[in-house]
Amino acid sequence: MVLLIKNIKELLQVRESQIKFISGKEMSTLPSIKNAFLLIENETIIDYGSMVHFKNISVDKTIDATGKMVMPAYCDSHTHIVYAGNRELEFVDRINGLSYEEIAKRGGGILNSAKTLQNTSEDALYEQSIQRIKEVMALGTGALEIKSGYGLNVESELKMLRVIKRIKENFPIEIKATFLGAHAIPLEYKNDKKGYIDLIINVMLPEISKEGLANYIDVFCEKGYFSLEDTEQILKAGEKFGLIPKIHVNQFNAFGGVSLGIKYNALSVDHLEELNDEDITALQNSLTMPVALPSCSYFLSIPYTPGRKLINAGLPMALASDYNPGSTPSGNMNFVLSTACIKMKITPEEAINAATINGAYAMGIADNYGSITIGKKANLIITKKIPSYYYLPYAFGDNHIDQVIIKGESILY
Ligand SMILES: N=CN[C@@H](CCC(=O)O)C(=O)O
Ligand SMILES: [Zn+2]
């Protein structure tokens, strides 16, 4: 099956050679071809260029993209999209003055979602989750990292990871699974955190590894959750099972989690709403991707990750949604882009680089996703007719997507 997309107003994120990620000043460049064509064979990009040089060949299907932009689909490298129920009551509690931390202290928050998930069957969890998968795919997401972490016991952590596996088997979207058993301390272990960490290390990890259910390991390294020592112990254990860290750090407090992640070769360190100079220096000497989650800052009214500071320090940055029921009940990467531009003073070029190629790196798939490169998978967004790509983050809140193509096929959800 050969698909031709012709008369593309502008083909964005064209990278001739394989690159791992983009940092610093280079993030302000978004290579593109105006009046372009793109040729796809089955799942793969096989050619692209200017319409001026296009030689007519026989194809199975043609899409005329006159007036429209084509770009790589988003690579959302941080989500908790598999969850049960919602937390809209806590949303109203926060409007009435309670903080995210206060809600968590009184047994709400992650523990609230864990209780709901433990009482939800695997099939029901799958059904609820795939509605969200369909929704984010239609909004332009072509690759997703999904975390466990709302199970908080052996049975339910495995339930979450098996649901992720099932999604992977049934949807064309690229999926990476992350084990986040250390998301919160369950009520039964309220006074025995060590006991819960033992359970993670000695029971959950071996079982997950046996079933091949996870690619990465995550810890919520934060005051009131898991300390630096706890985090180190869990990352070390994960390392033995070949799980690379992608960790939650510096959401509310900066106390060395970034350096710790780097010490264990974390693929990414995520959140970073609180960031100090030592963190920046540590990142400058690493291959770890800093990941910002602006929709979370928006929803919780907490500081935005200082993305400008990261990029000005010559660092890369990825943008992800953090889709979850508590701090970010939205997986809309278009909103993430707008919010990064508006609130973090990130330019549209930087934001698109952060949500495509750098997002792909942050989930370990940059060899096959995140740019228009011959040989990469054809995961694409075709926009509606828009004046320029600036319009995408500028006209926030509207859907500018006409079609989404995942692995060479148009998705209709
Ligand atoms: N902060 C830790 N985990 C999630 C929120 C979890 C929740 O509130 O349910 C996050 O990344 O924002
Ligand atoms: Zn998260």
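Residue numbers run consecutively from 1 along every chain, following the written order of its sequence. Here every chain gets a letter starting at A, and every ligand a number starting at 1, in the order they are written. Per-residue local features of the predicted model are confined to residues with pLDDT of at least 70, and side-chain atom pairs are confined, for both listing and counting, to 80 or more; whole-chain, interface and lining totals are unaffected and use all residues. Excluding hydrogens and water, the side-chain figures rest on all heavy atoms present in the structure.

### With respect to a nonpolar patch on the surface
1) Next: Each patch is built from residues lacking any salt bridge and having more than 30% relative accessible area; the joining distance is 9 Å for like charges and 5 Å for nonpolar side chains (Val, Leu, Ile, Met, Phe, Trp, Tyr). With residues, only the protein chains shown are counted as cover, and all accessible areas are computed by Shrake-Rupley using a 1.4 Å probe. In what follows, salt bridge is the name for a side-chain nitrogen of Lys or Arg lying within 4 Å of a carboxyl oxygen of Asp or Glu. Taken together, the side chains of Phe91, Val92 and Ile95 present a nonpolar region at the surface, about 270 Å² in accessible area.
2) Next: Numbering of helices and strands runs from the N terminus; a helix is a DSSP stretch of H or I covering at least four residues, while a strand is a stretch of E covering at least two. Mapped onto the elements, Val92 comes out in helix α1 (residues 88-95).

### Thoughts on the side chain of Ser77
1) Next: Relative to the helices and strands, Ser77 resides in the loop between β6 (74-76) and α1.
2) Next: In this structure Ser77 comes out as buried when scored by relative accessible area, which is 0%.
3) Next: Residues contacting Ser77, with those up to four places away along its chain left out, are Glu145, Lys246, Asp270, Val291, Ala320, Gly359, Ala362 and Met363. Relative accessible area decides the class of each residue, using a 1.4 Å probe on protein chains only: under 20% of the type maximum gives buried, over 50% gives exposed, and in between gives partly exposed. Any two residues whose heavy atoms approach within 4.5 Å are treated as being in contact.

### Notes on the UniProt feature "binding site: 4-imidazolone-5-propanoate" (unreviewed entry) in the protein chain
1) Next: UniProt positions are given in the numbering used here, feature names are shortened, and annotations may be inferred rather than shown by experiment. Those residues carrying the UniProt feature "binding site: 4-imidazolone-5-propanoate" (unreviewed entry) are Arg87, Tyr150, His183, Gln251 and Ser327 in this numbering.
2) Next: When its relative accessible area of 2% is taken as the criterion, Tyr150 is described as buried.
3) Next: Assignment of secondary structure puts His183 in the loop between β8 (174-182) and α6 (193-211).

### A word on the site of ligand 1
1) Next: By nearness alone, 15 residues border ligand 1, and Tyr100, Tyr150, Gln251, His271 and Ser327 come closest of all.
2) Next: Counted as a polar contact is a pair of N or O atoms within 3.5 Å, where, for protein atoms, one must be capable of donating a hydrogen and the other of accepting one, and residues adjacent in sequence contribute only when both atoms are in side chains. The contact in question runs from an oxygen atom of ligand 1 to an N or O atom on the side chain of Tyr150, over 2.6 Å.
3) Next: Take His271: an N or O atom from its side chain is 2.8 Å from an oxygen atom of ligand 1.
4) Next: Here ligand 1, which alone exposes 330 Å², has 100% of that area covered by the protein. One heavy atom within 4 Å of a molecule or strand makes the whole residue count as near it.

### With respect to the pairing of strand β2 (residues 32-41)
1) Next: Here a strand pair is declared whenever DSSP counts at least two bridges between the two strands. As paired elements, strand β1 (residues 2-12) and β2 share eight bridges and run antiparallel to each other. If you follow Leu3 over to β2, its bridge partner there is Ile40.
2) Next: Bridging between β2 and strand β3 (residues 44-50) involves six bridges; their strand directions are antiparallel. Its bridge partner being in β3, Ala36 is matched across the sheet by Ser50.
3) Next: Counting the residues between successive antiparallel strands, the hairpin from β2 to β3 contains two residues, one of them, Asn42, with a positive phi of roughly 50 degrees.

### Details of the sheet that holds β6
1) Next: The eight strands lie next to each other as β6-β7-β8-β9-β10-β11-β12-β13, forming an open sheet whose pairing is parallel. Of all strands in the sheet, those bounded by a partner on one side alone are β6 and β13 (318-319).
2) Next: The pairing of strand β9 (residues 216-221) with strand β10 (residues 244-249) spans four bridges and is classified as parallel. Of the residues in β10, the one forming a bridge with Cys221 is Val249.
3) Next: Sheet strands touched by α6: β8 and β9. Its angle to β8, the strand with the most contacts, is close to 150 degrees. For every element, the axis is a line fit to its C-alpha atoms; helices are fit only across the contacting stretch, and the angle between N-to-C directions ranges from 0 to 180 degrees.

### What about the UniProt feature "binding site: N-formimidoyl-L-glutamate" (unreviewed entry) in the protein chain?
1) Next: Under the UniProt annotation, "binding site: N-formimidoyl-L-glutamate" (unreviewed entry) lies at Tyr150, Asn324 and Gly326. In three dimensions, the annotated residues from a span of 177 residues occupy one location, with a maximal C-alpha spread of 11.0 Å.
2) Next: Relative to the assigned elements, Tyr150 resides in the loop between β7 (141-147) and α5 (154-170).
3) Next: For Asn324, the contacting residues outside a window of four places in its chain are His80, Tyr83, Tyr150 and Pro329.
4) Next: At 2.7 Å, the side chain of Asn324 and the backbone nitrogen of Gly326 are in polar contact.

### Quick notes on the domain arrangement of the protein chain
1) Next: Partitioning the protein chain into structural domains gives domain 1 (2-73 + 371-410) and domain 2 (75-362).
2) Next: Where a domain begins and ends is set by an automatic assignment or by a domain database. Between the C-alpha centres of domain 1 and domain 2 the distance comes to 29 Å.
3) Next: Interface area, domain 1 with domain 2, both sides summed: about 2,500 Å², of which 67% is carbon and sulfur.
4) Next: Taken as a group, Phe21, Met27 and Pro393 account for 26% of the area that domain 1 buries against domain 2, more than any other trio of residues on that side.
5) Next: Linking domain 1 with domain 2 are one salt bridge, by the criterion used here.
6) Next: We note a salt bridge from Lys407 to Glu174, for which the minimum N-O separation is 3.6 Å.
7) Next: Seen at the junction of domain 1 and domain 2, the total is 13 residue pairs in polar contact (both at pLDDT 80 or more).
8) Next: Put simply, the parts of the chain that give the side of domain 1 that touches domain 2 at least two residues each are β5 (68-72), α15 (391-394) and β15 (401-406).
9) Next: Ranked by residue count, the leading element in the side of domain 1 that touches domain 2 is β15, at three residues. Two parts placed together each lose some accessible area under a 1.4 Å probe, and the buried area is that loss summed for both.

### Overview of the pairing of strand β14 (residues 380-385)
1) Next: The pairing of β5 with β14 spans four bridges and is antiparallel. Opposite Met71, over in β14, you have Ile381 as the bridge partner.
2) Next: The pairing of β14 with β15 spans four bridges and is classified as antiparallel. The residue of β15 that forms the bridge with Leu380 is Ile405.

### Quick notes on the side chain of Ser297
1) Next: In this fold, Ser297 is placed in helix α10 (residues 294-300).
2) Next: Engagement of the side chain of Ser297 in a polar contact is seen with the backbone oxygen of Pro303, the distance being 2.9 Å.
3) Next: Excluding its chain neighbours within four sequence positions, the residues that come into contact with Ser297 are Glu273, Ile302, Pro303, Tyr304 and Thr305.

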